[in-house]
Amino acid sequence: MRWSVDQVLAVAPDPPSVAAGRAQAVAAGWTGLGASDAAVWGACSGSGKDPYLTCVDLAEPAFRCSCPSRKFPCKHALGLLFLWTDGAVPVGEEPEWVRTWLAERARRVGRRATQPEAPRDPEAAARRAEQRADRVAAGAAELREWLADRVRGGLAGADVEELYGVAARMVDAQAPGLAGGLRRAAGLIGRGRDWPGRLLAELALLHVLAGAGTRLSTLPADLAATVRTRLGFPIDTAGVLATGERVADEWLVAAVTDEVTERLTTRRTWLRGQVTGRPALVLAFAPPGQPLPRTFPAGHVVRGQLAFYPGAAPLRALAADMDEPVRAGRPDGDSVSAALQSFADALAADPWLERWPVLLADVAPVADGADWVLVDPEGAALPLAERVDPWPLLAVSAGAPVTVACEWNAAGLRPLTCWDGDRAMRL
């Protein structure tokens, strides 16, 4: 099936690549264009002597181009896909270089699938799990003592290096969740006039988490699962697919956003059940420079089942059995008060939530001094986060009420998708 433009946009690494890809989507610059059920290919004229050979394996997807770009997919692959979505690529027989590449990929995938798994020793695995739980509990107890000493000594003397030193000890204790919280706290020191208050709030959450980590066996099962996740215990995805809560619905793909760091690219896809109203978060990861797995494009609806990770407020999920996405019109959204109530309910169950999806209906962007807020018809408003650029949203809405999908946290709203009529625009 030929992709939609939104599916092409979903695999683009960043907005500049989209713009560069659209510039390459001119048939006159290509030769040898063709498409089959498995791949799309062509040769694009570039600055070099020879044209760049470009091919897209549609199954995963995967991309190949002889250009020197370090982006995946590169602008030529995106331009080729844009041409294909426009119907400008004829169906044809795969040339030899395409067949060879597809066959190599098939062999590699088959080799990975047929490699025998190392024999498992359940007793050894149980011992390792017990040893890790003991180390995490010891680390959590040490952190609680340090936090008590630090609060007694006053936060004014808090030092970035000191917090990073404690974070390193939490890494040694195999509690990366505690280490990450300490590093976030370190980043607050000295930033803004209200940083002592925000630092105290961050450390208070860590104190509660560390306390819960020392008595995991006494917690209710759902809360214990949440605490284990926040502490950084790994969760087997096969186990989630096998035993996780299954929810069937028509899932609106409300928003898609990528977060790029030096070590990892993370894609967050926010879904919302059209019948159940339930929010869900599907995560995808890729090393730097590597393409992310194919995900659902924003503004589409996909029917199927999600398998939810365990927890007191289950949010993260895996796509268990999903159909192909289809384009959807403008969805129904919530008022500001309804969105805040859903966030409050989730926060009561999981106080360590970092962000929450909100879908706001008929909200208008309004300047509030030097800041911006979204105001609903009842006059309730939520602020945009300090570092959010309001102009893409203003360009789409022209100041009129629109439906917007956002991430919400203590810093404010971050708009991700805006509907212009029935068309979803990724911001």
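Q: What should I look at first to understand the pattern of salt bridges in this one?
A: Working definition: two side chains of opposite charge can pair if their charged atoms are close together. Counted by the stated rule, this structure contains 19 salt bridges. Between Arg198 and Asp194 there is a salt bridge, with its nearest N and O atoms 3.2 Å apart. Exposure remark for Arg198: the relative accessible area of 31% places this residue in the partly exposed category. Taken together, the shared-partner salt bridges connect Arg184, Glu202, Glu259, Arg268, Glu354, Arg355, Glu407 and Arg414 into one network.

Q: What is the right way to look at the pairing of strand 12 (residues 371-375) in this model?
A: The two faces of the sheet receive side chains in turn, since in a regular strand these alternate between them. Pairing geometry for strand 11 (residues 356-368) and strand 12, over 5 bridges, is antiparallel. Residue pairing across strands places Asp368 opposite Asp371, the latter belonging to strand 12. Once strand 11 ends, the chain turns through 2 residues before running back antiparallel as strand 12, passing Gly369 with a positive phi of about 70°. One ladder, built from 3 bridges, connects strand 12 with strand 13 (residues 381-383); its direction is antiparallel. The residue bridging Leu374 from the neighbouring strand is Leu382, located in strand 13. Hairpin connection from strand 12 to strand 13: 5 residues lie between these consecutive antiparallel strands, with Gly379 at a positive phi of about 90°.

Q: Please explain the packing of aromatic side chains as it appears in this structure.
A: Aromatic rings considered in pairs are described by the distance between their centres and by the relative angle of their planes. Within the structure shown, the criterion is met by 3 aromatic pairs. Aromatic side chains Trp3 and Trp84 sit 6.1 Å apart centroid to centroid with 55° between the ring planes, which places their arrangement in the tilted category. Residue Trp3 is found in the segment before helix 1 (5-11), and its partner Trp84 is found in helix 3 (residues 75-85); the two are separated by 81 residues along the sequence. This pair shows no difference in class: Trp3 is buried, exactly as Trp84 is. Sitting over the face of the ring of Phe233, Arg228 holds its NZ or CZ atom 4.1 Å from the ring centroid. Here Arg278 stacks its cationic end above the ring of Phe308, 4.0 Å away from the centre of that ring.

Calculation criteria
Residues numbered from 1 in each chain as written. Predicted model: local features only at pLDDT ≥ 70, side-chain atom pairs only at ≥ 80, totals over all residues. Heavy atoms only, no water. Salt bridge = Lys/Arg side-chain N within 4 Å of Asp/Glu carboxyl O. Buried < 20%, exposed > 50% of the residue type's maximum accessible area, 1.4 Å probe, protein only. Pairing = 2+ DSSP bridges. Helix = DSSP H or I, 4+ residues; strand = E, 2+ residues; numbered from the N terminus. Phe/Tyr/Trp six-rings, centres within 6.5 Å; stacked < 30°, edge-to-face > 60°. Lys NZ or Arg CZ within 6 Å of the ring centre and 35° of its normal.

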